[in-house]
Amino acid sequence: MNIGTKSLLYGYHCFFIHPLALLCAWVKLYGWPRDWRIYLAFFVHDLGYWGKSDMDGESGKNHPYFGARLMHTFFGGLPGQPDHREWYNFMLYHSRSLAKADGGKPSKLCYADKLAIIIQPTWLQVLLMSLTGEIYEYMTGRGGTVGAGMTKRQWVEKMKADLREWFISEGYEFNASNSIISTAEAATKN
Ligand SMILES: [Fe+2]
Ligand SMILES: [Fe+2]
């Protein structure tokens, strides 16, 4: 079984854990979603990992296209209309690298997806990523030595700290108990 499929079944992207973590993160950032399609997006945005032979490499990095095309097919606006690519971009740009490659901005889904990493218990993340082995790919990066000399737990904690820094650089704040506060400016991001 490919690593992407494993991740969806019982790894970090587990189909019944990741969407719930994402919902919690979304509520913290924006309040309860009022559009039912947002809930659907939580379930389908990472399904493109199915059958992928890596998580962050040439195969896995394109995983958002599946969910983007799916949502666009059903909910995309008519060609020429301002909302034509709304759902497509919302889904595709949950990936910071794909947003950057297109000269776009990360979508609201991206911020929730990243906050979901920060708010989950480290022990659970280490467990899930270890069950599938995906943590070894994450820790070595693309042939690099991102997590060299670190334990799995230390690496996850560092990833969370790096993401907190990213949120701060994007205009978000964290309070004393480490909960995120979305500033007025940040909360309007699309
Ligand atoms: Fe993703
Ligand atoms: Fe995700």
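Scroll up a little and you will see the structure.
A brief look at the structure comes next. (Residues numbered from 1 in each chain as written. Chains lettered and ligands numbered in written order. Predicted model: local features only at pLDDT ≥ 70, side-chain atom pairs only at ≥ 80, totals over all residues.)

## Points about the nonpolar core
This is how it is decided: Take the buried Ala, Val, Leu, Ile, Met, Phe, Trp, Tyr and Cys residues, join any whose C-beta atoms are within 7 Å, and the set you get is a nonpolar core. Exposure classes come from backbone-placed C-beta atoms, where a residue is buried if 20 or more other C-beta atoms lie within 10 Å of its own, exposed if 12 or fewer do, and partly exposed in between. Think of it this way: any DSSP run of H or I at least four residues long counts as a helix, any run of E at least two long counts as a strand, and we number them from the N terminus.
Ranked by size, the top nonpolar core spans 25 residues in total, and within it Leu22, Ala25, Met91, Ala112 and Leu115 carry the most contacts. Only helix H2 (18-30), helix H3 (36-44), helix H4 (64-75), helix H5 (86-92) and helix H7 (108-119) provide two or more residues apiece to this core. The element contributing the most residues to this core is H7, with seven residues. Leu8, Met129, Met139 and Trp155 belong to the second largest nonpolar core, which has ten residues in total.

## Here we look at the environment of Asn178
Positionally, Asn178 belongs in the loop between strand E1 (173-174) and strand E2 (180-181). Looking at Asn178, the number of C-beta atoms within 10 Å reads 10, which means it is exposed.

## Re helix H1 (residues 3-10)
Inclusion rule: The directions from the helix axis to the C-beta atoms form the arc being described. A residue pair is marked as a contact if its C-beta atoms, positioned from the backbone, fall within 7 Å.
Among all positions of H1, only Ile3, Gly4, Ser7 and Leu8 are buried. Along the axis of H1, the buried positions cluster into a sector of 140 degrees, meaning they face one direction only. Looking at the buried residues of H1, the elements they touch are helix H8 (122-132) and helix H9 (134-140).

## Quick notes on the environment of His94
Relative to the assigned elements, His94 resides in the loop between H5 and helix H6 (96-101). A residue is classified by how many C-beta atoms lie within 10 Å of it, and His94, with 26 of them, is buried. In this structure, His94 is in contact with His45, Pro64, Ser107, Leu109, Cys110 and Asp113, ignoring residues within four places of it in sequence.

## Looking at helix H10 (residues 152-169)
Note that an α-helix has 3.6 residues per turn; residues three or four places apart therefore point the same way. Under the convention used in this document: By this rule the span expected of a helix is its residue count minus one, scaled by 1.5 Å.
In a regular helix each residue adds 1.5 Å, so 18 residues correspond to 26 Å; H10 covers 26 Å between its end C-alpha atoms and thus fits that length. Every buried residue belonging to H10 is among Trp155, Val156 and Phe167, and all of these are buried. Viewed end-on, H10 has its buried residues packed into an arc of 120 degrees, placing them on one side of the element. Facing away from the buried side of H10 by more than 90 degrees, the exposed set consists of Ala161, Asp162, Glu165, Ile168 and Ser169. Where the residues of H10 are buried, they touch H8, H9 and E2. Of the residues one or two after H10, Gly171 is the one with positive phi, at around 100 degrees.

Bear in mind that shape data such as this cannot, by itself, settle questions of function.
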